[in-house]
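Commentary on secondary and tertiary structure
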Amino acid sequence: MAAELKLMGEAGMNDAGRGASVTLADLEKRYDRVNAVDGVSLDILSGEFLTLLGPSGSGKTSTLMMIAGFETPTAGDIAIDGTSVVAMPPYRRNIGMVFQNYALFPHLTVDENIGFPLKQRGVPKAERAKLVAEALELVHLPGYGERYPRQLSGGQQQRVAVARAVVFKPRLLLMDEPLGALDKQLRENLQLEMRRLHSDLGITFIYVTHDQEEALTMSDRIAVMNDGKVAQVGSPEDLYDRPSDRFVAGFIGESNFLPAIVRGMEDDVVIAECDGALIRAMCPGRPASGDKVTLTTRPERLRFADSAWNATTPQNRLSVTVTEAVFAGERCRYMLQAGDGTSMVLKEPSSAAIRRRAIGERAEISWSVADTILV
Ligand code: ADP
Ligand code: MG
């Protein structure tokens, strides 16, 4: 075992085979009457940083626990590198795990905490010491080995938890809201460290968070969960620019929703009437004329039509009234109301050269057709 660990540890940094692939097929978990996980199918690629993102209660932890082997699926299958692991006990799956509450052993030193999984696996003492030192180096805590968890800050404790989860060279690391208990500044620093760790290790990460900004910052791909189901899977850009439904559009970033009635199609652009104006939107499907639909667009993609902004792409336009104006330092945030009562948010980068809009002022706004999605 020790020799095998050593070999794996010496594998090249860019060895593409080092991360496990994970396939979830129609995965379900029922507790009494609750369908915590309700038919999740997902292919997680070798070496990928995949995040399960969703509100509290959407089934993220239950999904992770089934992958780890601490919960048994009610139905469906989990395969790691193509082999079903549903009947395999957790310790044989060789998966690293980090939880929100650090779960370090308080009576063990940092070295002993990190060495624990190696001891369990029967790795001899000298080999253990070497691997523990490497793991401490990896999480930027060399020299902390003799301390006890209570002598560390929250961020340092979480780094130790990460070191303990990767010291035995797993090919898959699962993390459940590992930064949830930390303050914002520290969380942002550790997000960048997690990304670095992911590229250093080259293994597969499955990361759980309810924080959309965190998910966007860190992930190769995000699976948005709602009510035990995957609402959409894609890159951060996919989800932000092309949300597939109203839930995803509202959960990831901020969105405006405009009620509209379909009046026609031009290739894959839908033309819809909204407060008497014709608005064009990107649309994968083919809605029928007269259909009532919702169009969505992001607040930072709206502009005042009379501003110094020179649009080079096809634009939508709408007349609105300013109902609220907030100066927030790096940007101004305006609440607007269309003639039909629809509220919208417009965010404009601030500049001393830009005229501030007053409450009650009438204005024309414009934005790209490419930034308008039918959901
Ligand atoms: P998340 O991690 O996204 O917050 P969970 O997977 O923890 O979601 O929970 C999903 C749903 O399953 C919730 O409604 C939760 O109350 C329920 N649930 C989770 N674990 C249990 C359990 N052990 N017994 C009963 N219900 C549970
Ligand atoms: Mg959870």
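Attention shifts here to the domain arrangement of the protein chain. Domain boundaries in the protein chain define domain 1 (2–248) and domain 2 (254–374). For domain 1 versus domain 2, the separation of C-alpha centres amounts to 40 Å. In this complex, domain 1 contributes six residues to the contact, which on the side of domain 2 involves six residues. In total, about 640 Å² of surface goes out of reach between domain 1 and domain 2, with carbon and sulfur atoms giving 45% of it. Ranking the residues of domain 1 by area buried against domain 2 places Y240, D241 and R246 at the top, with a combined share of 76%. For the pair domain 1 and domain 2, the number of links is one salt bridge. D241 serves as the salt-bridge partner of R301, at 2.8 Å between the closest nitrogen and oxygen.

This part covers the sheet that holds strand β3 (residues 49–53). On the basis of which strands lie adjacent, the open sheet formed by six strands has the order β6-β7-β8-β3-β9-β10 and mixed pairing. On the outer flanks of this sheet lie β6 (96–98) and β10 (229–234), each paired with one strand and no other. Mean inter-strand twist for the sheet, computed between neighbouring axes without regard to direction, equals 15°. The pairing of β3 with strand β8 (residues 204–209) spans five bridges and is parallel. Bridge pairing in β8 links L50 to I206. Along the sheet, helix α6 (residues 154–166) makes contact with β6 and β7 (172–176), crossing β6 at roughly 165°. Where helix α7 (residues 184–201) meets the sheet, its contacts fall on β3, β7 and β8, and the angle it forms with β8 comes to roughly 160°.

Moving on, we come to the site of ligand 1. What surrounds ligand 1 is the set Y31, V34, A36, P55, S56, G57, S58, G59, K60, T61 and S62. Within the backbone of S58, a nitrogen or oxygen atom sits 3.2 Å from an oxygen atom of ligand 1. Measuring from an oxygen atom of ligand 1, one finds a side-chain N or O atom of T61 at 2.8 Å. Taken by itself ligand 1 offers 560 Å² of open surface, and the protein chains cover 60% of this. Of all elements in the fold, only β2 (34–44) and α2 (60–68) reach the threshold of two or more residues within the shell around ligand 1. Ranked by the residues each element gives to the shell around ligand 1, the list is headed by α2, at three residues. Its residues assigned to classes, the shell around ligand 1 shows four nonpolar, six polar and one charged.

Once that is clear, we can look at the sheet that holds β2. What the four strands build is an open sheet, ordered β2-β1-β4-β5; its pairing is antiparallel. Each edge of the open sheet carries a strand with a single partner, namely β2 and β5 (83–84). Where strand β1 (residues 22–31) meets β2, eight bridges bridge the pair, whose relative direction is antiparallel. If you follow K29 over to β2, its bridge partner there is V37.

Once that is clear, we can look at the packing of aromatic side chains. Two aromatic rings, taken as a pair, are described by how far apart their centres are and by the angle between their planes. A complete count under the given rule lists five aromatic pairs for this structure. Ring geometry for F49 versus F205: centroids 5.3 Å apart, planes at 50°, classification tilted. Separated by 156 residues along the polypeptide, F49 in strand β3 and F205 in strand β8 bring together distant segments of the chain. Ring geometry for F304 and Y334: centres 5.2 Å apart, planes at 85°, overall edge-to-face. With a gap of 30 residues between them, F304 in strand β15 (residues 303–304) and Y334 in strand β17 (residues 331–338) connect regions that are remote in the sequence. Comparing F304 with Y334 shows no difference in burial state: the two are buried. The ring of F105 carries the charged tip of R164 above its face, separated from the ring centre by 5.2 Å.

All right, on to the pairing of strand β13 (residues 277–282) then. Residues A277, I279 and A281 point to one face of β13 and are all buried, whereas L278, R280 and M282, pointing to the other face, are not buried. Sheet topology places strand β12 (residues 269–274) next to β13; six bridges connect them, and they run antiparallel. Along β13, the bridge assignment pairs I271 with R280.

Rules used throughout
- Residues numbered from 1 in each chain as written.
- Chains lettered and ligands numbered in written order.
- Predicted model: local features only at pLDDT ≥ 70, side-chain atom pairs only at ≥ 80, totals over all residues.
- Heavy atoms only, no water.
- Domains from an automatic or database assignment.
- Contact = heavy atoms within 4.5 Å.
- Buried area = accessible area lost by both parts, 1.4 Å probe.
- Salt bridge = Lys/Arg side-chain N within 4 Å of Asp/Glu carboxyl O.
- Pairing = 2+ DSSP bridges.
- Helix = DSSP H or I, 4+ residues; strand = E, 2+ residues; numbered from the N terminus.
- Axes fitted to C-alpha atoms, helices over the stretch in contact; angles between N-to-C directions.
- Near = heavy atom within 4 Å.
- Polar contact = N/O pair within 3.5 Å; in protein donor to acceptor, adjacent residues only side chain to side chain.
- Areas by Shrake-Rupley, 256 points an atom, 1.4 Å probe, with all protein chains shown as cover.
- Nonpolar A, V, L, I, M, F, W, Y, C, P; charged D, E, K, R; others polar.
- Phe/Tyr/Trp six-rings, centres within 6.5 Å; stacked < 30°, edge-to-face > 60°.
- Buried < 20%, exposed > 50% of the residue type's maximum accessible area, 1.4 Å probe, protein only.
- Lys NZ or Arg CZ within 6 Å of the ring centre and 35° of its normal.

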